[in-house]
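# Tertiary structure, described
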Amino acid sequence: MKVTDTLLEKLMEMEGCRLVAYRDAAGIPTIGYGHTAGVRMGDRISAAQARQWLRQDAEEVMRQVRTLHVARTEAQMEALTSFAFNMGFGRLSRSTLLKVIRQGGSRAAIQREFKRWVYAGDRKLPGLVRRREWEAERFFAPSYPTDDEIIDRV
């Protein structure tokens, strides 16, 4: 499964793009749509390069999410990829969100877990609230089954 244009566009909207390197909230040199690999302060890129790196970075995150074997639909994969792209795969893999999904939690329980992740430091951020709302809804959107789901049916 590849990163869909729908997910790519949504990540572009949620991440925002900066074509000149900057330090993120953790002080890490970042450029484009949250790209950090090999970035040095003073670096500049084109919008096309930012999009290319976003696709590559999102595909790597999706590959990591796939190893969890919990996304049964394309929509679930997109929601979890967005979450992990923003919060980090390590946080997703240790989260109560993942635990609730694995335990077959209800829609309400899973959506509640998504929506807990809206703070940066002690501040509730409107951008994170919007992102978690989208992820919580997307997780339950009708879509095609993933390879894991198809294999489980056979």
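Data block above holds the structure.
Below, the structure is looked at part by part.

Criteria and cut-off values
Residues numbered from 1 in each chain as written. Predicted model: local features only at pLDDT ≥ 70, side-chain atom pairs only at ≥ 80, totals over all residues. Heavy atoms only, no water. Salt bridge = Lys/Arg side-chain N within 4 Å of Asp/Glu carboxyl O. Helix = DSSP H or I, 4+ residues; strand = E, 2+ residues; numbered from the N terminus. Buried < 20%, exposed > 50% of the residue type's maximum accessible area, 1.4 Å probe, protein only. Core = buried A, V, L, I, M, F, W, Y, C linked by side-chain atoms within 4.5 Å. Contact = heavy atoms within 4.5 Å. Phe/Tyr/Trp six-rings, centres within 6.5 Å; stacked < 30°, edge-to-face > 60°.

### A few points about the pattern of salt bridges
Evaluated as defined, the whole model comprises eleven salt bridges. Between Lys10 and Glu13 there is a salt bridge; the shortest N-O distance is 3.2 Å. Taken as a pair, Lys10 and Glu13 lie in helix H1 (residues 5-15) at a separation of three residues, close to a single helical turn. On the accessibility criterion, Glu13 (58% relative accessible area) is exposed.

### What about the nonpolar core?
In this structure, Leu80, Leu92, Leu97 and Phe114 are the most contacted members of the largest nonpolar core, which totals 37 residues. Elements that contribute at least two residues to this core include exactly H1, helix H2 (47-66), helix H3 (74-87), helix H5 (96-102), helix H6 (107-114) and helix H7 (126-138). When residues in this core are grouped by element, the largest group, seven residues, is from H3. The residues touching Phe114, leaving out its near neighbours within four places in the chain, are Ala79, Leu80, Phe83, Leu97, Arg132, Glu135, Ala136 and Phe139.

### Let's talk about the packing of aromatic side chains
For the coordinates displayed, the defined rule picks out four aromatic pairs. Geometrically, the ring pair formed by Phe83 and Phe114 is edge-to-face, given 6.0 Å between the ring centres and 80° between the ring planes. In this pair, Phe83 sits in helix H3 while Phe114 sits in helix H6, placing the two residues 31 residues apart along the sequence. Both residues of the pair, Phe83 and Phe114, count as buried. Taking 5.3 Å as the distance between ring centres and 85° as the angle between the ring planes, the aromatic pair formed by Phe83 and Trp117 counts as edge-to-face. Separated by 34 residues along the polypeptide, Phe83 in helix H3 and Trp117 in the loop between H6 and strand E3 (119-120) bring together distant segments of the chain.

### A word on H6
Here H6 has its buried residues at Ala109, Ile110, Gln111, Glu113 and Phe114. Here the buried face of H6 lies against H3, H5 and H7.

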